[in-house]
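Single-letter residue listing:
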Amino acid sequence: PVLEENHAGGKIIAMIEDVLPDPVEKEDAFKGAWDTIMELHGREAVKQGQASGRPEWNNVCLCARVMIYFDFLQNDWIV
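**Q** Please explain helix 1 (residues 8-19) as it appears in this structure.
**A** Every α-helix carries 3.6 residues per turn, so stepping three or four residues along brings you back to the same face. A rise of 1.5 Å per residue sets the reference length of helix 1, with its 12 residues, at 16 Å; its end C-alpha atoms lie 17 Å apart and thus fit the reference within 8%. Taken residue by residue, helix 1 has G9, G10, I13 and A14 as its buried positions. Angularly, the buried residues of helix 1 cover 140 degrees about the axis, an arc narrow enough to put them on a single face. Away from its buried face, by an angle of more than 90 degrees, helix 1 presents the exposed residues A8, M15 and D18.

**Q** Even after reading the chapter, I still don't get the nonpolar core, so can you show me in this structure?
**A** Here is a general trend for soluble globular proteins: nonpolar side chains tend to be buried in one another's company. In this structure, A33, W34, I37, M38, V46, W57, C61 and I68 together form the largest nonpolar core, which totals eight residues. Looking at this core, the elements with two or more residues in it are helix 2 (27-41) and helix 4 (55-69). For C61, the residues in contact, after removing those within four places along its chain, are W34 and I37.

**Q** Help me understand the packing of aromatic side chains in this model?
**A** The description of an aromatic ring pair uses the distance of the two centres, along with the angle that the planes make with each other. A full pass over the atoms with the stated rule returns two aromatic pairs. Plain terms: the ring middles of Y69 and F70 are 5.0 Å apart, the flat faces sit at 85 degrees to each other, and that makes the pair edge-to-face. The exposure class of Y69 is partly exposed, given its relative accessible area of 33%. A relative accessible area of 37% means that F70 is categorised as partly exposed.

**Q** Can you help me understand the packing of helix 1 against helix 4 in this one?
**A** The relative placement of two packed helices comes down to the angle between their axes together with the axis-to-axis distance. At a closest axis distance of 10 Å, the pairing of helix 1 and helix 4 adopts a crossing angle of 30 degrees. When you trace helix 1 past helix 4, the crossing you get is left-handed. Only N59, L62, V66 and Y69 of helix 4 make contact with helix 1, whose side of the interface consists of I13, I16, E17 and V19. By residue class, the composition of the contact of helix 1 with helix 4 is six nonpolar, one polar and one charged.

**Q** Help me understand the pattern of salt bridges, please; the structure alone is not making it clear to me.
**A** Working definition: two side chains of opposite charge can pair if their charged atoms are close together. Here the structure, examined in full by the defined rule, presents four salt bridges. With a closest N to O distance of 2.7 Å, E27 and K31 form a salt bridge. Note that E27 and K31 are positioned in helix 2 at a spacing of four residues, about one turn of the helix. The partly exposed category is assigned to E27, whose relative accessible area is 38%. One salt bridge connects R54 with E56, and the closest N-O pair in it is separated by 3.7 Å.

Cut-offs used in this document
- Residues numbered from 1 in each chain as written.
- Predicted model: local features only at pLDDT ≥ 70, side-chain atom pairs only at ≥ 80, totals over all residues.
- Heavy atoms only, no water.
- Helix = DSSP H or I, 4+ residues; strand = E, 2+ residues; numbered from the N terminus.
- Expected span 1.5 Å × (residues − 1).
- Buried < 20%, exposed > 50% of the residue type's maximum accessible area, 1.4 Å probe, protein only.
- Arc of directions from axis to C-beta.
- Core = buried A, V, L, I, M, F, W, Y, C linked by side-chain atoms within 4.5 Å.
- Contact = heavy atoms within 4.5 Å.
- Phe/Tyr/Trp six-rings, centres within 6.5 Å; stacked < 30°, edge-to-face > 60°.
- Axes fitted to C-alpha atoms, helices over the stretch in contact; angles between N-to-C directions.
- Left-handed = near helix turned anticlockwise from the far one by under 90°.
- Nonpolar A, V, L, I, M, F, W, Y, C, P; charged D, E, K, R; others polar.
- Salt bridge = Lys/Arg side-chain N within 4 Å of Asp/Glu carboxyl O.

Here it is, written out as structure tokens:
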């Protein structure tokens, strides 16, 4: 099921989205995370995932974009 804004899970997703760069104010940073996902996962696969509109796919990409934006993929974070 799709998480709506008034659902607890939807509120968490909205909060996570709020920490990412604004697509208008910080367009380069916003697009940069998506460009990285496209390079890692493949352009066509990302286009198909976006077209599917599946919440699971969108949530996985949201988490990946947070990790990319805040540079959590460095070895410094791995214990």
